[in-house]
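Understanding the architecture of this molecule
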Amino acid sequence: KEDWIRGHLARHPGQVAVTFGTVLPVAGRDLRVVRGQARGVRVAGDEIAVSGDRPARSLERYLRELARDRLAAASDAYSAQLGRPFHKLVLRDTRSRWGSCSSAGALMYSWRLILAPPEVLRYVVAHEVAHLQEMNHSADFWAVVQDLFGDHEAPRRWLRENGSQLHRYRFTD
């Protein structure tokens, strides 16, 4: 099974410890992590400035908040377009799925979607909101996704081909 193991490991990107100098993808932009003078996290140009000596935790908090804002806004917009409200929005750091929708209308997303291009984040939201109407992956479900989002093949492909890369970033100091 050596060939299978080597092939499997080759497809998984190496881990990246987030620190000063790390280039981090944020909402479709590559930002270099730099030491900031002001408290908190600030984005300017192609840099993301973080105060203090240990940027990983501050960056994770910032990215989770940014993800919540973007995911909530997209969920609100798509559920209004669909005419079906959701009842709860939860962020997690899941490896097995990018999002889910419960039969009670609770939406769950991986906060790491903020590291993906914006259209990928919006596609995942449209996919999960479509489950508010169709709790399956039938042709009717995909028609709802199409109505909400439009052509979804490119962001689906991006997730299949690049999604594992979003888990390579480690936010521990």
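The text that follows walks through the structure, step by step, so that each part is easy to find. (Residues numbered from 1 in each chain as written. Predicted model: local features only at pLDDT ≥ 70, side-chain atom pairs only at ≥ 80, totals over all residues. Heavy atoms only, no water.)

This paragraph deals with the sheet that holds strand E6 (residues 88-92). A sheet is described by the order of its strands in space; here 3 strands give the open sequence E6-E8-E7, paired in mixed fashion. Only two strands of the sheet have a single neighbouring strand rather than two, namely E6 and strand E7 (99-101). Averaged over all adjacent pairs, the angle separating strand axes in this sheet is 15 degrees, with direction ignored. The pairing of E6 with strand E8 (residues 106-110) spans 5 bridges and is parallel. Of the residues in E8, the one forming a bridge with Val90 is Met108. Helix H2 (residues 55-82) contacts E6 and E8 of the sheet and is inclined by roughly 145 degrees relative to E6. Those strands touched by helix H3 (residues 118-130) are E7 and E8, and its axis lies near 155 degrees from that of E8. (Pairing = 2+ DSSP bridges. Helix = DSSP H or I, 4+ residues; strand = E, 2+ residues; numbered from the N terminus. Axes fitted to C-alpha atoms, helices over the stretch in contact; angles between N-to-C directions. Contact = heavy atoms within 4.5 Å.)

A separate point is helix H4 (residues 139-149). Every buried residue belonging to H4 is among Phe141, Trp142, Val144, Val145 and Leu148, and all of these are buried. Taken down its axis, H4 places every buried residue within 150 degrees of arc, on the same side. Facing away from the buried side of H4, by more than 90 degrees, are the exposed residues Ala139, Asp140 and Asp147. Buried residues along H4 sit in contact with H2, H3 and helix H5 (153-162). Gly150 sits one or two positions beyond H4 and adopts a positive phi of about 100 degrees. (Buried < 20%, exposed > 50% of the residue type's maximum accessible area, 1.4 Å probe, protein only. Arc of directions from axis to C-beta.)

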